[in-house]
Amino acid sequence: MKKMDEMDRNILLRSQALGYRIILLALSLWTLYNCWQTLANGTEYHPLPGLILCFGVCAQSLIQVAMKQKMVSGDEEYKEPNRLLQGILTAVVIAVLLLSLGTYLMLHR
């Protein structure tokens, strides 16, 4: 396997970033269309595209924070709280709140 030079790595990273954005846009449009169909026509709601969208955005954000934290872990100049743990806890709290609210609204129709 040929070792990539700086230009090849830059092309790879840019193409992956563009592909990621296109996938997020497609999932967003699919989720909005699904919500519109549910509200306008009363069809059954399918949460899968929205869940994939949320998982993808959360995973990308948490991985970015983890990589940044790992890069500055040995440096005394950068002393900040554990943002990865804060992000995971925030995501769990938001998920629990949304599930609780959704369950409450579905049971009290």
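Quick caveat, the model's predicted, so the values are computed rather than measured.

Undergrad: What's the story with the overall build of the chain in this structure? I'm lost.
TA: Counting its regular elements, the chain contains three helices and zero strands. Mapped from its N terminus to its C terminus, the chain presents α and β elements in the order α-α-α. A compact globule built from 109 residues would reach a C-alpha radius of gyration of about 13 Å, whereas the chain, at 19 Å, exceeds it by more than 25%. Referenced to the eigenvectors of the C-alpha coordinate spread, the extents of the chain come out at roughly 55 × 35 × 20 Å. A total of 109 residues make up the chain; the buried ones form 8% of that total. A separation of at least 24 residues holds for 29% of the contacts in the chain among residues at least 6 apart in sequence. For the chain, the accessible area works out to roughly 9,700 Å², and carbon and sulfur atoms hold 69% of it. Here the chain contributes 10 positive and 8 negative side-chain charges, whose respective centroids are spaced 5 Å apart.

Undergrad: Please explain the packing of aromatic side chains as it appears in this structure.
TA: Counting across every chain of the model gives one aromatic pair. Seen in terms of ring centroids, Y33 and W36 are 6.3 Å apart; in terms of plane orientation they differ by 35°. Their pairing is tilted. Remark: W36 and Y33 occur in helix α1 (residues 6–41); sequence separation between them is three residues, near one turn of the helix.

Undergrad: So what exactly am I meant to see when it comes to the side chain of Q37 here?
TA: Checked against the element boundaries, Q37 lands in helix α1. Since its relative accessible area comes to 16%, Q37 is described here as buried. Residues within four places of Q37 in sequence aside, it is in contact with G42 and T43.

Undergrad: Looking at this structure, how should I read helix α2 (residues 48–71)?
TA: Helical geometry note: an α-helix holds 3.6 residues per turn, so side chains three or four residues apart project in the same direction. Here α2 spans 34 Å end to end across 24 residues, near enough to the 34 Å set by a 1.5 Å rise per residue. Contact partners of the buried residues in α2: α1.

Undergrad: Just to check I follow, could you spell out the packing of α2 against helix α3 (residues 83–107) for this structure?
TA: Two quantities define a packed helix pair, namely the angle between the helix axes and the distance between the axes. Direction vectors running N to C along α2 and α3 enclose 165°, while the axes themselves pass 9 Å from each other. In this view, α2 runs roughly antiparallel relative to α3, as classed from their interaxial angle. Crossing of α2 against α3: the hand is left-handed. On the side of α2, the interface is formed by L62, V65, A66 and Q69, while α3 contributes R83, L84, G87 and I88. In terms of residue class, the contact of α2 with α3 is made up of five nonpolar, two polar and one charged.

Thresholds applied
Residues numbered from 1 in each chain as written. Predicted model: local features only at pLDDT ≥ 70, side-chain atom pairs only at ≥ 80, totals over all residues. Heavy atoms only, no water. Helix = DSSP H or I, 4+ residues; strand = E, 2+ residues; numbered from the N terminus. Rg over C-alpha atoms; globule rule 2.2 N^0.38 Å. Buried < 20%, exposed > 50% of the residue type's maximum accessible area, 1.4 Å probe, protein only. Contact = heavy atoms within 4.5 Å. Areas by Shrake-Rupley, 256 points an atom, 1.4 Å probe, with all protein chains shown as cover. Lys, Arg positive; Asp, Glu negative; His and termini not counted. Charge placed at Lys NZ, Arg CZ, Asp CG, Glu CD. Phe/Tyr/Trp six-rings, centres within 6.5 Å; stacked < 30°, edge-to-face > 60°. Expected span 1.5 Å × (residues − 1). Axes fitted to C-alpha atoms, helices over the stretch in contact; angles between N-to-C directions. Parallel < 35°, antiparallel > 145°, perpendicular 65-115°, else oblique. Left-handed = near helix turned anticlockwise from the far one by under 90°. Nonpolar A, V, L, I, M, F, W, Y, C, P; charged D, E, K, R; others polar.

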